[in-house]
Amino acid sequence: MNSPHTPVRALPLYRRHRLRSAALAATVAALLLGSAGRAPAAPAPTGSPTGSPTGSPAAAPVAADCPEALAGKARCYTGQDGNGAHYALAVPVRWNGSLVVHAHGGPDLGDASDPARSTEDLERWAVMVEEGYAWAGSSYRRGGYGTRMAAADTESVRRVFTDRFGKPGRTYLHGQSWGGNVAAKVAETYGTKPGAYDGVLLTNGVLGGGSRGYDYRVDLRVVYQYYCGNHPRPTEPQYPLWQGLRPDSTMTSAGLSARLRECTGFDAEPAARTALQQRNLDDILAVTGIPERSLESHLRFATFTFRDIVSTRLEGRNPFSNRGVRYTGSHDDRALNAGVERFSADPAARRDLSWDSDLTGRVSLPVLTLHAIDDPTAFVEHEAAYRATLRGAGREHRLVQSFTRESEHSGLSSAEYANSIAALDRWARGGRKPTVRSLADSCAAFDRTYGTGCFYDPAFRPSSYASRVLPRPGGLGWPAMTAGQERAWSRIDGVGIAP
């Protein structure tokens, strides 16, 4: 997940690059790739809940303008795979022979694949191409939640690249935010195929999975309504809060912001807030542990993305629970716990969300993570959940985690990205496994090129996930989904979230 998304993407858009004319693109592609284009793709199939990357034959990539930062440094291409997912590719002029396959965050909300998303991400992570790696990123075949769907489309773009340029010397996965969940799922699902992937880089990843990774937003949704009582208002149609928002609501992100402002004055100076607004804000932040600066984005996720998960992906069934949770930190905890809305998950809905997005920890590749200690969106305690997941699967030895004194979610220092992919490459090629100290020491060389700073804190270790997110009964053990559960559930017809 980048910042939680509303029906209109919350992240700033990067400049979009126009495709060249079709005739010129076809000519350039033929010259550079040495082959004629393929037949246009047939309509995308529905797909299957197993997340298969297969689909109709994809049209050949066509040449496109590179982001400004890569002008003259790379050749760039765009296209659409057999499942309808738009993608972007980049090959450096001085290619080192290896490939980074990128999984983007979100999830964005919308019915169709957004052709701009992959080109925007190429610009955002141009540092990978500047370091000599080819790059491939999918926009996914649709918006909305679906981790296995996104994983299948990420695997698909790897295959598109290999079909057109040949097998790279090494192939690395990179996932940021919710894309970290996606990339970790790719590693578990497709990473066992010999030669498919050689290592994984997860940055500011949502690594707690779907069945537990959003519990703090469940808490926000009910705690907010207890104090504010305006989402929904008493005069509006009522619905259970686990829906996020009733399916037929026409509320916009601006309308939600107005209600949050009405209740808390969240975007006003403290002196401009009423005493009630300040107390509401203080109580909501204290109970949920959500930073003030990201309160609005978390509430958007707990509204619009919850609606997508429940109403669109799970056919109205509830995967969330707050039964047995005791809320603390308010000015009157007894009243809060007596008055807050309570509900229990539908076991089948929770199973489907878990099968789609939880991680088993059974990864056979080197995994390096990089996480901002003060990430306001994907709390750093997600890393503790991921380590516990790999430990529970007996794979902790494949993991190195690094942490930086940064406070943003959607982007980290370019020097740190460059340092991380270089360290992962050395490790995968048989070099020494990096340590948090060696990562901190090696970053300076890259910062001389990028000048964006190195902020590693080798001494930092995150506290447990339960120390930040109130655990549900039975929710302390990891992995949240064992490999045995995954195998058993995979035999259930229609399990998970449909592509």
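Keep in mind that what you see is a predicted model, and the values were worked out from it rather than measured. (Residues numbered from 1 in each chain as written. Predicted model: local features only at pLDDT ≥ 70, side-chain atom pairs only at ≥ 80, totals over all residues. Heavy atoms only, no water.)

Novice: Outline unusual backbone geometry, supporting the account with residue identities and numerical values.
Specialist: Omega for the peptide link from His 231 to Pro 232 comes to 15°, which places this bond in the cis form. Within the element layout of this structure, Pro 232 appears in the loop between α7 (215–228) and α8 (253–264). Cis geometry is found at the peptide bond from Trp 478 to Pro 479, where omega equals 5°. Note on placement: Pro 479 falls in the loop between α15 (436–450) and α16 (483–490). In the Ramachandran plot, Ser 177 falls in the positive-phi region, its phi being about 65° despite a non-glycine side chain. Its place among the elements puts Ser 177 in the loop between β6 (171–176) and α5 (178–190). (Helix = DSSP H or I, 4+ residues; strand = E, 2+ residues; numbered from the N terminus.)

Novice: Pulling in residues and values, what's your account of the layout of surface pockets?
Specialist: Estimated volume of the largest pocket: approximately 430 Å³. Lining the largest pocket are 26 residues, and of these Arg 212, Arg 350, Pro 473, Gly 474 and Gly 475 sit closest to its centre. For the lining of the largest pocket, the secondary-structure elements that each account for two or more residues are α6 (210–213), α12 (347–357), α13 (381–392) and α16. Its residues assigned to classes, the lining of the largest pocket comprises 14 nonpolar, seven polar and five charged. (1 Å grid on protein atoms, 1.4 Å probe; cavity = no way out; pocket = protein on both sides within 12 Å on 5 of 7 lines; lining within 4 Å. Points joined across faces, edges and corners; volume = space filled by probe spheres on them. Nonpolar A, V, L, I, M, F, W, Y, C, P; charged D, E, K, R; others polar.)

Novice: Summarise the state of the cysteines; cite the residues concerned and give the values.
Specialist: By definition, a disulfide links the sulfur atoms of two cysteines through a covalent bond. Throughout the structure, instances matching the rule amount to three disulfides. The disulfide bridge from Cys 66 ends at Cys 76, spanning 2.0 Å between sulfur atoms. Handedness here is read from the sign of the S-S torsion; for Cys 66 and Cys 76, about 110°, the answer is right-handed. Note that Cys 66 is positioned in the loop between β1 (62–64) and β2 (74–80) and Cys 76 in strand β2, a separation of 10 residues in sequence. (Disulfide = S-S within 2.5 Å.)

Novice: Break down the environment of Gly 180 for me, with residues and values.
Specialist: Here Gly 180 is to be found in helix α5. Given a relative accessible area of 0%, Gly 180 falls into the buried group. Along the primary structure Gly 180 and Gly 105 are separated by 75 residues, whereas in three dimensions their C-alpha atoms are 7.4 Å apart. (Buried < 20%, exposed > 50% of the residue type's maximum accessible area, 1.4 Å probe, protein only.)

Novice: Tell me about the pairing of strand β8 (residues 367–372), residues and numbers included.
Specialist: Counting buried positions over the six residues of β8 gives six, a clear majority of the element. The two faces of β8 match: Val 367, Thr 369 and His 371 on one face and Leu 368, Leu 370 and Ala 372 on the other face are all buried. When strand β7 (residues 199–203) meets β8, the two strands line up parallel, connected through four bridges. Within β8, the position partnered with Thr 203 by the bridge is Leu 370. Sheet topology note: the β8/strand β9 (residues 399–404) ladder contains six bridges and is parallel. Note that in β9 the partner of Leu 370 across the bridge is Ser 402. (Pairing = 2+ DSSP bridges.)

Novice: Give me the lowdown on the pattern of salt bridges, citing residues and values where you can.
Specialist: Within the structure shown, the criterion is met by 23 salt bridges. The shortest N-O distance in the salt bridge between Asp 352 and Arg 351 comes to 2.9 Å. A salt bridge links Arg 468 to Glu 381; the shortest N-O distance between them is 3.3 Å. A residue pair is termed long-range when its members are at least 10 positions apart, and Arg 468 in the loop between α15 and α16 and Glu 381 in helix α13 qualify at 87 residues. With relative accessibility at 27%, the residue Arg 468 sits in the partly exposed group. Judged by its relative accessible area of 10%, Glu 381 falls in the buried class. (Salt bridge = Lys/Arg side-chain N within 4 Å of Asp/Glu carboxyl O.)

Novice: Which residues make up α15, and what values go with them?
Specialist: Taking 1.5 Å per residue as the helical rise, α15 with its 15 residues ought to reach 21 Å, and the 21 Å between its terminal C-alpha atoms agrees with that figure. Of all the bends in α15, the greatest measures close to 35° and is centred on Ala 444. If you check which residues of α15 are buried, you get Val 436, Leu 439, Ala 440, Ser 442, Cys 443, Phe 446 and Tyr 450. In this fold, the buried residues of α15 make contact with α3 (126–130), β8, β9 and α14 (414–428). Just downstream of α15 lies Gly 451, where phi reads positive at about 60°. (Expected span 1.5 Å × (residues − 1). Bend = angle between axes of the 7 residues up to and from the residue. Contact = heavy atoms within 4.5 Å.)

Novice: Let's hear about the nonpolar core: which residues, and what values?
Specialist: Of all hydrophobic cores here, the largest spans 91 residues; its most connected members are Leu 89, Phe 320 and Tyr 386. When sequence neighbours within four positions are dropped, the list of residues in contact with Leu 89 reads Pro 61, Arg 75, Cys 76, Tyr 77, Leu 122, Trp 135, Ala 136, Val 157, Val 160, Phe 161 and Phe 165. Among the nonpolar cores identified, the runner-up in size contains 36 residues, and Leu 70, Leu 122, Leu 439 and Tyr 456 belong to it. (Core = buried A, V, L, I, M, F, W, Y, C linked by side-chain atoms within 4.5 Å.)

Novice: Could you give an account of the sheet that holds β6, naming the residues involved and the relevant values?
Specialist: In spatial order, the strands read β1-β2-β3-β5-β4-β6-β7-β8-β9; together these nine strands make up an open sheet with mixed pairing. Every interior strand has two partners, whereas the edge strands, β1 and β9, have only one. Along the sheet, successive strands turn relative to each other by an average axial angle of 20°, direction set aside. Note: β1 against β2, three bridges, orientation antiparallel. Bridged to Ala 64 within β2 is Cys 76. Contacts from helix α2 (residues 115–124) reach β2, β3 (86–92), β4 (99–103) and β5 (134–138), with the element oriented near 30° to β3. (Axes fitted to C-alpha atoms, helices over the stretch in contact; angles between N-to-C directions.)

Novice: Describe the packing of α8 against helix α10 (residues 295–313), and please don't skip the residues or the numbers.
Specialist: Direction vectors running N to C along α8 and α10 enclose 125°, while the axes themselves pass 10 Å from each other. Comparing the axis directions of α8 and α10 gives the class oblique. Crossing hand, α8 versus α10: right-handed. Residues Ser 253, Leu 256, Ser 257 and Leu 260 of α8 lie in contact with α10, whose contacting residues are Leu 295, Glu 296, Leu 299, Arg 300, Thr 303 and Phe 304. Looking at the contact of α8 with α10 residue by residue, the class counts come to five nonpolar, three polar and two charged. (Parallel < 35°, antiparallel > 145°, perpendicular 65-115°, else oblique. Left-handed = near helix turned anticlockwise from the far one by under 90°.)

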